[in-house]
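# Descriptive structure summary
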Amino acid sequence: MSWLHTWGGLITGWILFFVFLTGTAGYGEIELDRWMRPEKPLVAPEVAQADALALGLKFAETTIPDARRWLLSPPGGREQPELRYFIEDYPETEGGSGKRFSGYLDPATGEKTQYRATGGGRLLYRMHYQLHYIPRTAAAWIVGFCAMAMFAALVTGIIIHARIFKDFFTFRPGTGHRNWLDAHNVVGVLSLPFHLMITYSGLMFLCYVYMAPVIAAEYGWGEDNRRAFTDMMFLGHPLDRDTRRAAPAPSASLAPMLAEADRLWGPGNIGFVDITRPGTTAARVRIVEGTRHVAGERATLVFDGVTGTVVDGPIVNPPPRAISKTLISLHEGLFAGPVLRWLYFLAGLMGTAMIGSGLILWTKKRRARLEGRVGFSLVERLNVATVCGLSTAVAAYLWANRLLPVEMSGRAAWEAHVMFLVWAVMAAHAALRPAARAWSEQCGIAAAAFGLIPLVNALTTDRHLGASIAAGQWDLAAVDLTCLAIGIGFVAAARIAARGHQRAVPAKTISPTVHGAAE
Amino acid sequence: MGGYGVAYAASVLMARGLPLSRYEAMQWAILASFPIYLCVVLWAFRARPLMRMWKGVLGLAGICAGLAWWMGPA
């Protein structure tokens, strides 16, 4: 058990650290998105959803009247701070997917808004299951393998620490590797339910990749058969994927449909309006509630796009689906209000810290025995490059968002390139410097990278702390303040690492046998 | 690998064997597949003699797959 925990954790730890760090950032996806588009108005204008949607519909009708799908998200709630559109063309070949267009409109005027090109918080969020630069399916398998190892590491961790309650209250500072062990246990146990939930539910998200043969055994292989299962699992009903053009027909007015949604769910509670095959006899208007729920579905209304009458499309929700749906909502945490969202973020950070401390613990326990071996220094250096280097790279992603020229072509892609270039430089630094020095130096670099973000923001935009706090825009200020807090955290880490470096020098003079006995 | 085999075979067996609708049985099977995989992995790392582990894993996978095959596609 212990063996599995140690070695399974080690070989997957670096990728898991990446997954947890970017996934944790993903809990602030919407806030980061907003921060990374400083052209957005500081205070969004108040526009009624129905008015904004009418403008959105006009935009869709004039730009691509012959589309298979118009999807419009009105302003309102945390997720849609403005009017968003997503338009999908009819595919050129039957069964394929059509061209897709998406962007933002000013909810008051219906004009297309121009924001800087950026991957936003969404890109960080996507990285936690798609990684970057590699095909999605390959990434899914890598992340899935690591998630399974994480699952095993969690359960074996619990088995190893049979005295979990007593161990939890044990902290032995300044005792070499034991304080790392205690720290590893505290962050592990404190949010253990979160870790178990996030790992299991994470596997459920991509179950159709990992357990494809199981689904195929009953449904048959192929995309359509797979979707017969996943549409039920994720949506609760088969999705209309018909891409044939139906006969043209006049459209029913959207306003009464929106009024009906307002009547049922309260005003301003529309999540999005999804119109498939508009302007044809097959047109359907699906309106989905804005509020997210922990368990169960967002309420949905489906209208016939020609007659404007409600089409009954009951959602099937048998017990196993309710379980998997709840797991998925718990994983995404989209239902969470501000307080719970912060808890999610903290639990994610603790998960990241658990993985990081586990990686460090591996080296602390083996230093006396293995120091000088190639494998040992590889692990040690990868640890520095991952824990400090990747953190710095995430900060660099935010720096790039502010410093790359706004008109630059391929700007959004370059933001990510900067992130990975910085990571590569940090890895090279970790490889070239003595490990103990690398720790304290990189903690210092990470501290500066995060701590200076509010300053960089203030110098390059007028969306700095002075403006955002004064306007009461706390979700915007939270990005700056969180970066500052992380920076301060790294200052503390740099001091601990510097002390550890000083201690490491005399420790080497002790003979290995004495050190080994202390293990 | 062995664990995946068992998880696969046991899940297919569940999807076929449970007296529920096709979707419902499959969803239970998928929910169960990861914990099954986990249990097999944990057990495999406990079983000392390597041969016994292989016998256990392959045997279990064989029994499940055999039963599932015998039931045939629903």
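Please refer to the structure higher up on the page.
Below is a summary of the structure that appears in this document. Please read these numbers as outputs of a predicted model, since none were measured by experiment.

Definitions and limits used
- Residues numbered from 1 in each chain as written.
- Chains lettered and ligands numbered in written order.
- Predicted model: local features only at pLDDT ≥ 70, side-chain atom pairs only at ≥ 80, totals over all residues.
- Heavy atoms only, no water.
- Helix = DSSP H or I, 4+ residues; strand = E, 2+ residues; numbered from the N terminus.
- Buried < 20%, exposed > 50% of the residue type's maximum accessible area, 1.4 Å probe, protein only.
- Contact = heavy atoms within 4.5 Å.
- Areas by Shrake-Rupley, 256 points an atom, 1.4 Å probe, with all protein chains shown as cover.
- Buried area = accessible area lost by both parts, 1.4 Å probe.
- Salt bridge = Lys/Arg side-chain N within 4 Å of Asp/Glu carboxyl O.
- Polar contact = N/O pair within 3.5 Å; in protein donor to acceptor, adjacent residues only side chain to side chain.
- Nonpolar A, V, L, I, M, F, W, Y, C, P; charged D, E, K, R; others polar.
- Core = buried A, V, L, I, M, F, W, Y, C linked by side-chain atoms within 4.5 Å.
- Phe/Tyr/Trp six-rings, centres within 6.5 Å; stacked < 30°, edge-to-face > 60°.
- Pairing = 2+ DSSP bridges.
- Axes fitted to C-alpha atoms, helices over the stretch in contact; angles between N-to-C directions.

### Looking at the overall build of chain B
A count of helices and strands for chain B gives 3 helices and 0 strands. Listed by position from the N terminus, the elements making up chain B come as α-α-α. Relative to its full complement of 74 residues, chain B shows a buried share of 46%. Once local pairs closer than 6 in sequence are excluded, the contacts in chain B between residues at least 24 apart make up 63%. Accessible area for chain B stands at about 4100 Å²; split by element, carbon and sulfur atoms hold 73% of it.

### Focus: the overall build of chain A
In terms of regular secondary structure, chain A is built from 21 helices and 6 strands. When contacts within chain A are restricted to residue pairs at least 6 apart in sequence, long-range pairs at least 24 apart make up 67% of them. Surface summary for chain A: the accessible area is close to 23900 Å², and the carbon and sulfur share equals 65%.

### A closer look at the interface of chain A and chain B
Opposite the 31 residues of chain A that make contact, chain B presents 26 residues. Overall, the association of chain A and chain B removes approximately 2900 Å² of surface from exposure, summing both partners, and the carbon and sulfur fraction of that is 80%. Put simply, chain A and chain B have 0 salt bridges between them. Counting every contact that joins chain A to chain B gives 1 residue pair in polar contact (both at pLDDT 80 or more). Elements with a minimum of two residues in the side of chain A that touches chain B: α1 (2-26), α5 (136-160), α8 (192-205), α9 (207-210), α10 (212-219), α11 (223-235) and α13 (319-332) of chain A. Among the residues forming the side of chain A that touches chain B, the class breakdown is 27 nonpolar, 2 polar and 2 charged.

### A short note on the nonpolar core
With 68 residues, the main nonpolar core has L124, L398 and M419 of chain A as its most contacted residues. Here the element with the most residues in this core is helix α15 (residues 374-403) of chain A; it accounts for 12 residues. Counting residues in each nonpolar core, the second largest holds 32 residues, with A147, M211 and Y219 of chain A together with L38 of chain B among its members.

### Let's talk about unusual backbone geometry
Residues and elements named next belong to chain A. One non-glycine residue, L131, adopts positive backbone phi at about 50 degrees. The class of L131 is buried, set by a relative accessible area of 14%. Of note in the backbone geometry, R277 takes a positive phi value of approximately 45 degrees without being a glycine. In this fold, R277 is placed in the loop between β4 (270-276) and β5 (284-289). Classification of R277 as buried rests on a relative accessible area of 8%.

### Here's the deal with the environment of P193 of chain A
Residues and elements named next belong to chain A. Counting through the fold element by element, P193 comes out in helix α8. Residue P193 is classed as exposed on the basis of its relative accessible area of 60%. C-alpha separation for the pair P193 and A347, spaced 154 residues apart in sequence, amounts to 9.7 Å.

### Brief notes about the packing of aromatic side chains
Residues and elements named next belong to chain A. Per the counting criterion, the structure on display carries 18 aromatic pairs over all chains. Considering the side-chain rings of Y125 and Y129, the 5.8 Å spacing of their centres and the 75 degrees angle between planes classify their relative orientation as edge-to-face. Of this pair, Y125 and Y129 both sit in helix α4 (residues 120-130), 4 residues apart, which is roughly one turn of the helix. Classification of Y129 as partly exposed rests on a relative accessible area of 24%. When the centroid spacing of 6.4 Å and the interplanar angle of 85 degrees are considered together, the rings of Y208 and F234 count as edge-to-face.

### Side note on the pattern of salt bridges
Residues and elements named next belong to chain A. Scanning the model with the defined rule gives 13 salt bridges over all chains in all. D274 is the partner of R286 in a salt bridge, and the nearest nitrogen-oxygen pair spans 3.1 Å. Pair noted here: R286 is in strand β5 and D274 is in strand β4, with a separation of 12 residues, a long-range link. A residue is classified by how much of its surface remains accessible, and R286, at 15% relative accessible area, is buried. Three or more residues joined by partner-sharing salt bridges are found here, namely R69, D274 and R286.

### Section: the sheet that holds strand β3 (residues 100-105) of chain A
Residue and element names in this part refer to chain A. Taken together, 6 strands build an open sheet; the order of strands is β3-β2-β1-β4-β5-β6 and the sheet is antiparallel. Strand pairing shows two members of the sheet lacking a second neighbour, β3 and β6 (300-304), which therefore form its edges. Taking the axes of each pair of neighbouring strands and ignoring which way they run, one obtains an average angle of 15 degrees across the sheet. Of the strands in this sheet, β4, β5 and β6 are in contact with helix α12 (residues 255-265), which crosses β6 at around 155 degrees.

### Notes on the pairing of β5 of chain A
Residue and element names in this part refer to chain A. Of all 6 residues that make up β5, 5 are buried, and the element is covered over most of its length. In the sheet, β4 pairs with β5 via 6 bridges, with the strands oriented antiparallel. The residue of β5 that forms the bridge with I275 is V285. The sheet contact formed by β5 and β6 spans 5 bridges and is antiparallel. What sits directly across from V288, in β6, is T300.

### Describing the environment of T62 of chain A
Residue and element names in this part refer to chain A. Counting through the fold element by element, T62 comes out in helix α3 (residues 49-63). The class of T62 is exposed, set by a relative accessible area of 61%. Within the local environment of T62, its side chain forms a polar contact with the backbone oxygen of F59, the two atoms lying 3.0 Å apart.

### Here we look at the side chain of K325 of chain A
Along the polypeptide, K325 of chain A turns up in helix α13. Polar side-chain contacts of K325 of chain A include one of 3.2 Å to the backbone oxygen of F234 of chain A.

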